[in-house]
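Examining the three-dimensional arrangement
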Amino acid sequence: MSSSKKITLVILLVSFYMFSCVSSTEFEVGGVEGWMVPQSKTQGDMFNHWASHNRFKVGDTVRFNYTKDSVLVVSEEEYKKCKATKPQLYSNNEDTVFKLDRPGLFYFISGISGHCEKGQKMIIKVMETESSPDSPPPSSPSSSSSSSPSLPASTHKKSSASKTAVQFSSSVFAVLVVSVFGLA
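As recorded in an unreviewed UniProt entry, the chain goes by the name Early nodulin-like protein 21, listed as coming from Raphanus sativus. Its UniProt record gives the chain the following Subcellular location (unreviewed entry) comment, quoted word for word: "Cell membrane". The heading Sequence similarities (unreviewed entry) in the UniProt record of the chain holds the text "Belongs to the early nodulin-like (ENODL) family."

The following block contains the structure:
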């Protein structure tokens, strides 16, 4: 095989690796219970507890499932006051998917009067870059205090859109490798 074909093959292999690692995750906010008003004072910070046990990266999505409620994306000040005057997002369709499109903090509250004050609010921190494989995983819920709510530590599923992107890049890679070897 000529050196130019070897270089082309190496470029293709590197490209395949880079594209196959691109994926996003969809997180189900609150797990099975969904986006709901905490039932007791001990559950008051349940959504922040849930968020702290997950790792969010740019491109991930969070899904809010609820009935007769709403979800708002607000500023830090609005979050602290539990009052939104200019929310970045307002949704009340009972199944809201929000894409985490930048690194940093995102603030979510319920739009129903009194719900935020009872603990139906959450801060999500989106990582600057994806953590390396050597990074330790987030702590498990069993290592937290016993008064913490019992939500699953990582209720998420792979986004079908990301699976499609990976499958597409695999198909393209296969065609390109056959083409390169066919020229040899």
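Now, onward.
**Notes on the packing of aromatic side chains**
One pass over the full model with this rule turns up nine aromatic pairs. When the centroid spacing of 6.5 Å and the interplanar angle of 80 degrees are considered together, the rings of Phe 27 and Trp 50 count as edge-to-face. A residue pair is termed long-range when its members are at least 10 positions apart, and Phe 27 in strand β1 (residues 25-28) and Trp 50 in helix α2 (residues 46-52) qualify at 23 residues. Each member of the pair, Phe 27 together with Trp 50, is buried. Ring geometry for Phe 98 and Phe 108: centres 5.5 Å apart, planes at 85 degrees, overall edge-to-face. Here Phe 108 lies in strand β7 (residues 104-109) and Phe 98 lies in strand β6 (residues 95-99), a separation of 10 residues in the sequence. Given the relative accessible area of 14%, Phe 98 is considered buried. Residue class for Phe 108 comes out buried when judged on its relative accessible area of 0%. Each residue in the set Trp 35, Phe 47, Phe 64, Phe 98, Phe 106 and Phe 108 is aromatic and connected to the rest through ring pairs, giving one cluster. We note Arg 102 situated over the ring of Phe 106; from NZ or CZ to the ring centre the distance is 4.1 Å. Over the aromatic face of Tyr 79 sits the side chain of Lys 121, whose NZ or CZ is 4.9 Å from the ring centroid.

**Observations regarding the nonpolar core**
Trp 35, Phe 56, Val 62, Phe 64, Phe 108, Met 122 and Ile 124 are the most contacted members of the largest nonpolar core, which totals 21 residues. Looking at this core, the elements with two or more residues in it are α2, β3 (61-65), β4 (71-74), β7 and β8 (121-127). Sequence-distant contacts of Val 62, defined by excluding residues within four places in its chain, comprise Phe 27, Val 29, Phe 56, Thr 96, Val 97, Phe 98, Leu 100, Phe 108 and Ile 124. Judged by nonpolar contacts, the second largest core, of seven residues, contains Val 74, Tyr 79, Cys 82 and Ile 109.

**Quick notes on the state of the cysteines**
For the coordinates displayed, the defined rule picks out one disulfide. Here Cys 82 connects covalently by a disulfide to Cys 116, the sulfurs 2.1 Å from one another. The sign of the S-S torsion, about -65 degrees, decides the handedness of the disulfide formed by Cys 82 and Cys 116: left-handed. Taken as a pair, Cys 82 in the loop between α3 (76-81) and β5 (89-91) and Cys 116 in the loop between β7 and β8 lie far apart in primary sequence, 34 residues in all. The same class applies to Cys 82 and to Cys 116, which are both buried.

**Comments concerning the sheet that holds β4**
Ordered in space as β2-β8-β7-β4-β5, the five strands form an open sheet in which the pairing is mixed. What marks the edges here is a single partner per strand, and that holds for β2 (56-57) and β5. Taken together, the two bridges between β2 and β8 define a ladder with parallel strand orientation. Across the sheet, Lys 57 pairs through a bridge with Met 127, a residue of β8.

**Quick word on the pattern of salt bridges**
Scanning all chains against the criterion turns up six salt bridges. For Asp 60, the salt bridge goes to Lys 57, with nearest N and O atoms at 3.1 Å. What makes Asp 60 buried here is its relative accessible area of 1%. On the accessibility criterion, Lys 57 (15% relative accessible area) is buried. Residue Lys 80 is joined to Glu 76 by a salt bridge in which the shortest nitrogen-to-oxygen separation is 3.3 Å. Of this pair, Lys 80 and Glu 76 both sit in helix α3, four residues apart, which is roughly one turn of the helix. For Glu 76, a relative accessible area of 39% corresponds to the partly exposed category.

Calculation criteria
- Residues numbered from 1 in each chain as written.
- Predicted model: local features only at pLDDT ≥ 70, side-chain atom pairs only at ≥ 80, totals over all residues.
- Heavy atoms only, no water.
- UniProt positions renumbered as here; feature names shortened; annotations may be inferred.
- Phe/Tyr/Trp six-rings, centres within 6.5 Å; stacked < 30°, edge-to-face > 60°.
- Helix = DSSP H or I, 4+ residues; strand = E, 2+ residues; numbered from the N terminus.
- Buried < 20%, exposed > 50% of the residue type's maximum accessible area, 1.4 Å probe, protein only.
- Lys NZ or Arg CZ within 6 Å of the ring centre and 35° of its normal.
- Core = buried A, V, L, I, M, F, W, Y, C linked by side-chain atoms within 4.5 Å.
- Contact = heavy atoms within 4.5 Å.
- Disulfide = S-S within 2.5 Å.
- Pairing = 2+ DSSP bridges.
- Salt bridge = Lys/Arg side-chain N within 4 Å of Asp/Glu carboxyl O.

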